[in-house]
Amino acid sequence: MANTEDDVITSARDYTVIGDELYALFRDQGDLHALQLAIGHYHAALTEDVLDSKCSRSDQLLKLSTALARRFDLIGDTADLDIAIDCHSVAIELQTPDSLDVPIMHVKHAQMLMKRFGLHVNQSDIDLAIEQYACISNQTDPAHEAWLVALADALVTRFSHWGDVRDLSQAIHLYESVVNFDASNALTSVLGNLSLAHFFRYQQEGDAPDLASSIAYSTEALDKISSKDQNRSVLLNNLANGLLLRFKKLGGTDDLEQAIKSYGSVIELCPPGHKGRLRALSNLASAIMTRYELQASLVDLEISLGYFREALDICQKNHPDRPTLLDNLATTLRKRFQHTGDVIDLETSIEHHYEALHALPPSHPHRSDTLCALGNALQSRFAFQGDPDDLVAAVDRYSEALHLRPPSHPERADLLNNIANVAFNLFNEQRNPRNLDLSIEHYSEALQFSPEGFRRSLLLHNLASSLTTRFIYRNDAKDLDRALELCASALELRERGNEYRLSSHVMLANAKGLKYELEGDPAMLQAAFQHLDEARGMCTPGHPSLLDIWEEYSRIHLHAYSKAPQSTIHLEEAFRYFRSASTHISGGSLPKFRVALRWIKEAEVHKHPSALDAHQIALNMFDRHVTTKPSVESRHRIVREYAASLAVDAASCALRLGLVTLAVEMLGHGRGILWTYLGRFRTPLDDLQNASEHGCQLASEFVRLGSFLEDAACDAVTEEGLQHYRSLLREWDGVVDQIRFVDGFGDFLLVPSFSKLKEVAKNGPVIITNASQYSCDAVIVHHEHDPIHIPLPDINTSDILRLSEQFRYLATNRGRGRSAERELTELLRQTWDTVVFPVVKTLESSLHLPQGSRIWWCPTGRFNSIPLHAAAPFRKGEKGLPNYYISSYTPTLSALLRCQKPRHVSSDKTPPRILAVGQAAPTGGFAKLGTVDEELDSLQSILPPVMPMTRLTGESATRSESLRAIHSSPWVHLACHGKQDVTRPLKSCFAMSDGPLALLDIVRAPSDSAEFAFLSACHTAAGDNKAPDEVVHLAAAMQFAGFRGVVGTMWAMDDAVVVNMVSAFYEALLERSPDGLNFEHAAVALNTAAKRVDKSVVPLQQRIVFIHIGI
């Protein structure tokens, strides 16, 4: 029989009554099973409740929601919380607006939403919770004060996540309305929260009344609370925060000490395991670091590090305070780096800052602090290592931070100081006076924001530094006088015992030394030395700042010598201090290298005997510095900026002292750094593998790490990649050190001695032509004799530069017929008379080298762009170099040694297969080449049938296919466009159908079977004008990839006549080796081809464009 309506009503009520009884049992006895049954009955009641009674259904939904929320509290199943929130929401909708239950329903709904927000940090939850609280916040009954406080708490929470200051202001209004309603009985928790809200708003807007209110409310709360109340630690923390900020604003040391004392009390109230210990540790560490900023006590620095590390150890990965902790620890490590010079501290600092930044959303209130701290660390690394990418990254970080710190922001002065620092560093790098003026403007503006406070002395010091630099460049005495005033003020603000006085003394010494140089007042000279003596007295042995002090001593002694050159005491002291600074045990490699460069300059000017030491120290210092750069691009850029002539100038110094062997070693050390660096990772290890089981393990690890490092060197650099590279490099250095302990490997990867380098000349003499600003020389290296030095007094670097530019002009401006040829012969005649003929004469007279012998040219500096192989007198009855000897080139001695290393010889006597890559119409805006097919057809017709040729042309000649084919082919002929990128030589390329086949692509594809490559493309052997000794061009890349012989071009080819030279070359090559192509005959074949081609068809400029590199 069907149920009646009365039966249904009874059933629903029964379920509800039983559910209530079960929930009461749970509430009284904590019986979880009773709670589970109660929830089941509430569900059943809702299922049976079919009456159209909204209030009844609302009550049942509330009961189910409450029970589910309690089960969530006990078990943690978020599905319970989700259903409870949904039930509560529907229950509110079913109630009549005037119901007395509605306010408490809104509160409970808000409380559940805040619980879920704490789990998922979903903004919609906290927004809805605030709406629910707001529904009742207009009621002024004292009974509602708890709800008003809950609303204010939610607003503060939303601010802490999304940074809207309006939330803070509304929260402050609500807290104050509760406090003012009954001030004498105000809850300490409300006073504490009100203090915190004022503190947060001060951090955002910088209004002094907010800071005063924060301190006052915290003090009032502490006066009311008992010493054992668990909330006392929170209030002490709030008070300390306010006192610390007031110290930063006004500079009162009592505030700082009281803050540290309060933070210490918090630590005592939060023993290990206490939930508040993490924040207590962090805050105390930060306060002690602030005292370190004031007093520069190393004890404070180490104590602070200890607290930060303990805090980070107990901080979970997803904790909201973790980014701040990471930043603070990172900043402390950077400060210690400034004391010790330990670069690991600096690298770890940058890693922590990046980790913190990645954890913060764009609108997070702490993000601007992280951005500034990261920018500071990047600037420190720039000052230590000199990589301009760090400056660029710092600018990006500061620019983002500036948008987050409006003019009213209390920390804006710090940011302006940081931006000024970047502008000053950019000026030092680029010498753009606008950057210097910008730095002065920003420092001045920052000072206006800081009329008082502990940072004022730093701003005074920095502004003085910029003004002193501007005086040096503009010679305006007003800048120097102003700098002296500012620096004196900074020193006055820095009390005795404050280590920052050290930098003030050094700055004053610099400014007073300049004043002495300007006016000659002996009192100024004496004062400058007194400041340096004071600064030196503040340093412990090995302190990084001693580098700056030694350098300043040398500078001021040179000022003194310039005023009284009759006495050499000041001159000798200057060079003594140059040596001390350049060899100081701590400090960045780049600052020490720059001091060494200054030492070189002054020693050469004054003809001081320490010049050779300065050159050697600079070479060693630069080698260590460039190793820290992760990519070949960054290494090449550093060479271009700092050391374009470093090796050639050092060799010149050694040659002028008669130390010819040392000169050769110096050139081997300081030239071709890119190829030397990459070559280290490909060092053959057969002997090491055969030495022992341990040697085999070391060889395996060396190859593994070398492969990773080579990949990193050729890839784009990211900050994460940079950290990984440096970690790999430390491992690799460790393996190299272990290898050097193996018998017979003590000099593994060290700079090769002359006894090894001279083996490069076993097949014929190698002639080094050295172009230095101090002298031009040639050195003949012979494997059985001491090197022979040939001074070249009739040419200097200006002459070489002029010749280089004229050759380049004639090469790129074809079509002038006989006039151009006459000019070209005149240039070749000058080259013969001033450079080549003295070498030929020595080869004949001293070495008795037979005509027709092979010789190798190893040009340095601008000699790289002069066709030495084609030099001739062009006078009747006199022969030119091509009729004396067969010329080849090598970028460096080490490059030729690599080509000469024995390889596994295959027993297969089959003639090598020749790969011919032709690309007449590549992408990228290149003009179409009209004779590519004709050139390849001619090559195929010359080769006998037993020498098969594979053609890769047209659309098939893509980057990837060409690279794959080149890698697997022993003989390669490339007929295509070649592009030398003058601004980024490592981007030089061959033009293929789908884009550029770049130099680095070739470098990354080494081949053990490669023998010979003919590069019938423009500019394949044209190097970098700004760093010619790096010899970065496509032909060198092919040689590095394994090709033992390469024919390249010094400038642009003429597409119309190139086929004549190509045909003549291969015909001559086959004459020399009819049974099979032999790459060792390539140089002779090229020499023959240049003589044989029809001179009426192929002009002189196109006959000498090709050069042979390798063996």
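This text gives an overview of the structure that appears in the document. (Residues numbered from 1 in each chain as written. Predicted model: local features only at pLDDT ≥ 70, side-chain atom pairs only at ≥ 80, totals over all residues. Heavy atoms only, no water.)

Re the overall build of the protein
When helices and strands are tallied, the protein shows 46 helices and 14 strands. Overall size of the protein, expressed as C-alpha extent along the three principal axes, is 130 × 100 × 60 Å. Once local pairs closer than 6 in sequence are excluded, the contacts in the protein between residues at least 24 apart make up 68%. As displayed, the protein has an accessible area near 47,400 Å², and 51% of this comes from carbon and sulfur atoms. Looking at charge distribution, the protein has the averaged site of its 107 positive side-chain charges lying 8 Å from that of its 139 negative ones. (Helix = DSSP H or I, 4+ residues; strand = E, 2+ residues; numbered from the N terminus. Contact = heavy atoms within 4.5 Å. Areas by Shrake-Rupley, 256 points an atom, 1.4 Å probe, with all protein chains shown as cover. Lys, Arg positive; Asp, Glu negative; His and termini not counted. Charge placed at Lys NZ, Arg CZ, Asp CG, Glu CD.)

Considerations on the sheet that holds strand β10 (residues 989-992)
Taken in spatial order, the three strands of this open sheet run β9-β10-β11, and their pairing is antiparallel. In this open sheet, the two edge strands, each paired with only one partner strand, are β9 (978-979) and β11 (995-998). As paired strands, β9 and β10 are joined by two bridges and run antiparallel to one another. Directly across from K979, in β10, lies its bridge partner C989. Contacts from helix α41 (residues 959-967) reach β10 and β11, with the element oriented near 30° to β11. (Pairing = 2+ DSSP bridges. Axes fitted to C-alpha atoms, helices over the stretch in contact; angles between N-to-C directions.)

Quick look at the pairing of strand β13 (residues 1045-1049)
Where a strand is regular, its side chains alternate between the two sheet faces. In terms of residue burial, β13 counts as a mostly covered element, since five of its five residues are buried. Side chains of β13 alternate between two faces, with G1045, V1047 and T1049 and V1046 and G1048 buried alike. One ladder, built from three bridges, connects strand β12 (residues 1012-1016) with β13; its direction is parallel. By the bridge assignment, F1014 is partnered in β13 with V1047. Across five bridges, β13 lies against strand β14 (residues 1106-1110) in antiparallel orientation. (Buried < 20%, exposed > 50% of the residue type's maximum accessible area, 1.4 Å probe, protein only.)

Observations regarding the environment of G520
With respect to the element layout, G520 can be found in the loop between α23 (501-519) and α24 (522-537). Considered as a pair, G520 and V1097 are 577 residues apart in the sequence and their alpha carbons are 71 Å apart. Apart from the residues lying within four places of it in its own chain, the contact partners of G520 are K515 and K563.

Focus on unusual backbone geometry
Most peptide bonds adopt trans geometry, and most residues besides glycine take a negative phi value. Even without being a glycine, K607 presents a positive backbone phi close to 50°. One can find K607 in the loop between α27 (589-605) and α28 (611-627). Residue K607 is classed as exposed on the basis of its relative accessible area, which comes to 72%.

Some remarks on empty space enclosed by the protein
Scanning the entire structure with this criterion turns up four cavities of 30 Å³ or more. Quantified by volume, the largest cavity comes out at close to 110 Å³. In terms of lining, the largest cavity is formed by twelve residues, of which the most central are N864, Y889, V1031, H1033 and I1107. In the lining of the largest cavity, the residues fall into eight nonpolar, four polar and no charged. (1 Å grid on protein atoms, 1.4 Å probe; cavity = no way out; pocket = protein on both sides within 12 Å on 5 of 7 lines; lining within 4 Å. Points joined across faces, edges and corners; volume = space filled by probe spheres on them. Nonpolar A, V, L, I, M, F, W, Y, C, P; charged D, E, K, R; others polar.)

Here's the deal with the packing of helix α20 (residues 433-449) against helix α21 (residues 456-474)
Between α20 and α21, the least distance of the axes is 9 Å, while the angle of their chain directions is 155°. As summarised for this structure, α20 and α21 are arranged roughly antiparallel, according to the angle between their axes. Every pair of crossing elements has a handedness; the one defined by α20 and α21 is left-handed. Where α20 abuts α21, its residues P433, L436, D437, S439, I440, Y443, S444, A446 and L447 lie against R456, L459, L460, N462, L463, S466, L467, T469, R470 and R474. Class assignment of the residues belonging to the contact of α20 with α21 gives a composition of ten nonpolar, five polar and four charged. (Parallel < 35°, antiparallel > 145°, perpendicular 65-115°, else oblique. Left-handed = near helix turned anticlockwise from the far one by under 90°.)

Observations regarding the environment of Q1102
Tracing the chain through its elements places Q1102 in helix α46 (residues 1100-1103). Given a relative accessible area of 3%, Q1102 falls into the buried group. Separated by 49 residues in the primary sequence, Q1102 and M1053 place their C-alpha atoms 6.6 Å from one another. A distance of 2.7 Å separates a polar atom in the side chain of Q1102 from the backbone nitrogen of D1054. A distance of 2.5 Å separates polar atoms of two side chains, one belonging to Q1102 and the other to Q1101. (Polar contact = N/O pair within 3.5 Å; in protein donor to acceptor, adjacent residues only side chain to side chain.)

Here we look at the packing of aromatic side chains
By the definition in use, this model includes 20 aromatic pairs. Between the aromatic rings of W832 and F837, the centroid separation amounts to 5.6 Å while the plane-to-plane angle is 40°, which identifies the pairing as tilted. Owing to a relative accessible area of 35%, F837 belongs among the partly exposed residues under this scheme. Members of the aromatic cluster, each reached through a chain of ring pairs, are W971, F1012, F1014, F1065, Y1066 and F1106. Lying across the ring of F427, R431 places its NZ or CZ 5.4 Å from the centre. K879 extends its terminal NZ or CZ atom over the ring of Y884, reaching a point 4.5 Å from the ring centre. (Phe/Tyr/Trp six-rings, centres within 6.5 Å; stacked < 30°, edge-to-face > 60°. Lys NZ or Arg CZ within 6 Å of the ring centre and 35° of its normal.)

As for the side chain of T332
You can see T332 is positioned in helix α15 (residues 322-340). Residue class for T332 comes out buried when judged on its relative accessible area of 0%.

Re helix α37 (residues 797-812)
Between its terminal C-alpha atoms α37 stretches 22 Å, which fits the 22 Å expected from 16 residues at 1.5 Å a residue. I800, L803, S804, F807, L810 and A811 are the residues of α37 that are buried. Taken down its axis, α37 places every buried residue within 135° of arc, on the same side. The N-capping residue of α37, defined by a side-chain oxygen 3.0 Å from the backbone nitrogen of S798, is N796. (Expected span 1.5 Å × (residues − 1). Arc of directions from axis to C-beta.)

Observations concerning the nonpolar core
I549, F990 and F1065 are the most contacted members of the largest nonpolar core, which totals 186 residues. Broken down by element, the residue count for this core peaks at ten residues, all from helix α38 (residues 817-845). (Core = buried A, V, L, I, M, F, W, Y, C linked by side-chain atoms within 4.5 Å.)

Side note on the packing of helix α17 (residues 367-385) against helix α19 (residues 412-430)
Running from N to C, α17 and α19 point in directions that differ by 25°, and their axes come no closer than 11 Å. Relative to α19, the element α17 is oriented roughly parallel. Regarding α17 and α19, the two cross each other, and that crossing is left-handed. Where α17 abuts α19, its residues C372, N376, Q379 and F382 lie against L415, N418, N421, V422, N425 and E429. When its residues are assigned to classes, the contact of α17 with α19 shows four nonpolar, five polar and one charged.

Focus: helix α26 (residues 569-582)
Helical periodicity: at 3.6 residues per turn, an α-helix aligns residues three or four positions apart in one direction. The end-to-end C-alpha distance of α26 is 20 Å, a good match for the 20 Å that 14 residues give at a rise of 1.5 Å each. Listed as buried for α26 are L571, A574, F575, Y577, F578, A581 and S582. What you see down the axis of α26 is that its buried residues fit within an arc of 160°, all on one side.

Concerning the pattern of salt bridges
Throughout the structure, instances matching the rule amount to 47 salt bridges. Here D73 ties to R70 by a salt bridge, and the two come within 3.3 Å at their closest N and O atoms. Of this pair, D73 and R70 both sit in helix α3 (residues 54-75), three residues apart, which is roughly one turn of the helix. Residue D73 is classed as partly exposed on the basis of its relative accessible area, which comes to 38%. D481 is the partner of K515 in a salt bridge, and the nearest nitrogen-oxygen pair spans 2.6 Å. Taken as a pair, K515 in helix α23 and D481 in helix α22 (residues 477-493) lie far apart in primary sequence, 34 residues in all. The partly exposed category is assigned to D481, whose relative accessible area is 32%. (Salt bridge = Lys/Arg side-chain N within 4 Å of Asp/Glu carboxyl O.)

Overview of the pairing of strand β3 (residues 788-791)
As judged from the four bridges shared by strand β2 (residues 776-781) and β3, these two strands associate in the antiparallel manner. Within β3, the position partnered with V779 by the bridge is H789. Count of turn residues in the β2/β3 antiparallel hairpin: six residues.

Re the environment of M1038
Mapped onto the elements of the fold, M1038 is located in helix α43 (residues 1034-1040). With sequence-adjacent residues up to four places away left out, M1038 is seen in contact with I966, I1002, A1013, L1015, F1043 and V1046.

Read these as spatial facts, not as claims about activity.
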